[in-house]
Amino acid sequence: MTLLLNYKNVVSKKNSANVIYLVDEKFNIINLKKYTNNSEYSFLIDLLKTSDNKKEILSFEINSKKTIILVSLKKNLSNTGAEKLGAKLYSYIKEKIKSEYLIDTNSMPLKYRDLLGHFLHGIKLKSYSFDKYKSKKEKRKILISVVGKNVPANKDQIKFKAIEEGAFFARNLVSEPGNILHPDEYAKRINTLKKLGLKINVYDEKKCKKLGMNALLGVGQGSIRGSYLVTMEWNGAKKNSKPLAFVGKGVCFDTGGYSLKPAKFMEDMTYDMAGSAAVVGLMKTLALRKAKINAVGVVGLVENMVSGNAQRPGDIVKSYSGKTIEVLNTDAEGRLVLADALTFTEKKFKPKFIVDLATLTGAIIVCLGSEYAGLFSNDDKLSEQIYNAGEKVEEKVWRMPLHKNYDKLMNSKNADVQNINYVGGAGSTTAAQFLQRFILNKTPWAHLDIAGMAFSKYGGALNSGGATGFGVRLLNQLVEENYE
């Protein structure tokens, strides 16, 4: 099913079929009088007398060819509330037979005008589906035309469309099966973003080895596919302005290596690259909306497989930072990829801050479920900014502790650090504590463990199940609100 959403800054026709009107919380339709004929208006008045006005959406069959849908905009409706309401409307009309609708903004109460863009944004976000590999696709298209004098301004249309395209790009990447989106293919797809004005550099195995990225390369050495570090640069501000840096874990498939995962649900490990997908989607959004900042996205792309050449438990590798790592568990691989990517990002780009995203630990799901991503940081200001941004776009984070006392759990007898805490407990915190060791110059840094947020089997308010694209909207809000 495809949703087509278009804007027309024209006066709507009174006899348009399947019209959607946005009204106040009491379903007051006095403003509709001039946009409907007298008989329809009287009919609606009579029907509303016996309708359940506690509902948010009411639908009335005026005749066999015309439906009028009233959407109630509650008092003190927030931006995220408007988005959820738009998503609810999409779910409602998706179940109907009719495929063409018109949203008339002329009669909308003016106090809600600024919420309309968010309402439409919610419709679009909810419409996402991934049916690329189905032989029989649902061919139905839903066309929604938005008309009238209160349509969102062009700049808002551009912004919301950029966010949607970035989020959908991230969702598409996460949804692809591992045999299709392996590191080689992933690097190629990122390269296509050059056309948007992003500067892309792909560091293949040969270049990574020359740089000394042995932690990243060790994870991917069991795969027949290549391993890569890819950088994406957006320069929308002054050249001497420090960039904002975003780093993502891109393990395209994670078997666990020789520390093999159980077979049950291993197929879900295609989404172990969701952190990198969020970074790629964010960079696409920033480029599309021509964000007035400098930003860099860095992703490590690998495949964690089992073979005669795969990394063994007990191996010791030297990271890009120069620190040695004892690999006690090959299923704690994402932190190895991020270790090299973080140090490289800090050293090469000298950013204002670094935010990394990763489906890093199952422990964060035990702790926070699928409601919050775990936030770990060395900087209170950055943490507060991320938290506030998450609240505003309903991509919520919860700050978790970091403390030097956890370091002893990650100290190795044979190397500078070990990649897992074998004593037990604090799995997510010790993983973050490991990552912090690879921030060498006290750059403000935040780590988002999104293992519980990247994929939803049952769907959420703004997605219909599957890949969520978590992180794209959150980080775009962080940038827009604090750094532009």
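Please refer to the structure higher up on the page.
Engineer: Any chance you could explain the packing of helix 9 (residues 334-349) against helix 12 (residues 427-436) here in plain terms?
Structural biologist: Each pair of packed helices can be described by the angle between their axes along with the distance between the axes. It is the contact of helix 9 with helix 12, at a shortest axis distance of 9 Å, that shows an interaxial angle of 30 degrees. Viewed along their axes, helix 9 and helix 12 adopt a mutual orientation that is roughly parallel. The way helix 9 lies across helix 12 gives a crossing that is right-handed. Along the contact surface, helix 9 presents R335, L336, L338, A339 and L342, while helix 12 presents A431, F434 and L435. Considering only residue class, the contact of helix 9 with helix 12 consists of 7 nonpolar, no polar and 1 charged.

Engineer: Which parts of the structure should I look at to understand the side chain of T429?
Structural biologist: Examined against the element boundaries, T429 turns out to sit in helix 12. A distance of 3.4 Å separates a polar atom in the side chain of T429 from the backbone oxygen of P401. Setting aside its immediate chain neighbours within four residues, T429 contacts F376, P401, L402 and Y406.

Engineer: Could you clarify how one ought to interpret the environment of V151 in this entry?
Structural biologist: Relative to the helices and strands, V151 is located in the loop between strand 6 (141-147) and helix 4 (154-175). Once the C-alpha coordinates of V151 and K8 are considered, the two residues, 143 residues apart in sequence, prove to be 7.8 Å apart.

Engineer: What should I look at first to understand the pattern of salt bridges in this one?
Structural biologist: Between side chains of opposite charge, pairing is possible as soon as their charged atoms come close. Applying the stated criterion to the full structure yields 21 salt bridges. Linking K66 and E40 is a salt bridge whose minimum nitrogen-to-oxygen distance equals 3.1 Å. Placement of the pair is K66 in the loop between strand 3 (57-61) and strand 4 (67-73) and E40 in helix 1 (residues 38-49), with a sequence separation of 26 residues. The same class applies to K66 as to E40, namely buried. A salt bridge links R473 to E83, with the nearest nitrogen and oxygen atoms 2.7 Å apart.

Engineer: Quick question: what am I supposed to make of the environment of S412 here?
Structural biologist: Assignment of secondary structure puts S412 in the loop between strand 15 (397-399) and strand 16 (417-418). Placed 87 residues apart in sequence, S412 and I325 show a C-alpha to C-alpha distance of 8.0 Å. Apart from the residues lying within four places of it in its own chain, the contact partners of S412 are E326, V417 and Q418. A polar contact of 3.0 Å, which involves the side chain of S412, links it to the backbone nitrogen of N414.

Engineer: Just checking my understanding: could you explain the sheet that holds strand 2 (residues 19-24) for this structure?
Structural biologist: Whenever strands of a sheet pair, they do so through backbone hydrogen bonds, lying parallel or antiparallel. Spatial ordering of the open sheet is given by 1-6-5-2-4-3, a layout of 6 strands whose pairing is mixed. Only two strands of the sheet have a single partner each, and these edge strands are strand 1 (2-8) and strand 3. Adjacent strand axes in the sheet meet at a mean angle of 25 degrees, parallel and antiparallel pairs treated alike. Alignment of strand 3 against strand 4, held across 5 bridges, turns out to be antiparallel. Counted as the bridge partner of E61 is T67 from strand 4.

Engineer: Got a minute to help me understand the sheet that holds strand 9 (residues 244-254) in this structure?
Structural biologist: Taken together, the 8 strands give an open sheet; going across it, the order is 7-8-10-9-13-17-14-15, and neighbouring strands pair in mixed fashion. Only two strands of the sheet have a single neighbouring strand rather than two, namely strand 7 (199-203) and strand 15. Ignoring which end each strand starts from, the neighbouring axes of this sheet average 20 degrees apart. The sheet contact formed by strand 8 (residues 228-235) and strand 10 (residues 294-304) spans 8 bridges and is antiparallel. Each bridged residue has a counterpart across the sheet, and for N235 the counterpart in strand 10 is N294. Contacts between helix 9 and the sheet are confined to strand 7, strand 8, strand 9, strand 10, strand 13 (353-358) and strand 17 (445-449), with strand 9 contributing the most and set at about 155 degrees to the helix. Relative to strand 15, helix 11 (residues 380-393) is tilted by about 155 degrees, and along the sheet it contacts strand 13, strand 14 (373-377), strand 15 and strand 17.

Engineer: Looking at this structure, how should I read the packing of aromatic side chains?
Structural biologist: With the rule as written, the count across this model stands at 10 aromatic pairs. Ring geometry for F344 against F349: centres 6.4 Å apart, planes inclined by 80 degrees, an arrangement best described as edge-to-face. One exposure class covers both F344 and F349, and it is buried. Between the aromatic rings of F434 and F438, the centroid separation amounts to 5.1 Å while the plane-to-plane angle is 50 degrees, which identifies the pairing as tilted. Comparing F434 with F438, the two get one shared label, buried. Its guanidinium or amino end placed over the ring of F438, K323 lies 5.8 Å from that ring's centre, counting from NZ or CZ. Of note, K396 hangs over the ring of Y372, and the distance from its end group to the ring centre comes to 5.2 Å.

Each value, and the rule that gives it
Residues numbered from 1 in each chain as written. Predicted model: local features only at pLDDT ≥ 70, side-chain atom pairs only at ≥ 80, totals over all residues. Heavy atoms only, no water. Axes fitted to C-alpha atoms, helices over the stretch in contact; angles between N-to-C directions. Helix = DSSP H or I, 4+ residues; strand = E, 2+ residues; numbered from the N terminus. Parallel < 35°, antiparallel > 145°, perpendicular 65-115°, else oblique. Left-handed = near helix turned anticlockwise from the far one by under 90°. Contact = heavy atoms within 4.5 Å. Nonpolar A, V, L, I, M, F, W, Y, C, P; charged D, E, K, R; others polar. Polar contact = N/O pair within 3.5 Å; in protein donor to acceptor, adjacent residues only side chain to side chain. Salt bridge = Lys/Arg side-chain N within 4 Å of Asp/Glu carboxyl O. Buried < 20%, exposed > 50% of the residue type's maximum accessible area, 1.4 Å probe, protein only. Pairing = 2+ DSSP bridges. Phe/Tyr/Trp six-rings, centres within 6.5 Å; stacked < 30°, edge-to-face > 60°. Lys NZ or Arg CZ within 6 Å of the ring centre and 35° of its normal.

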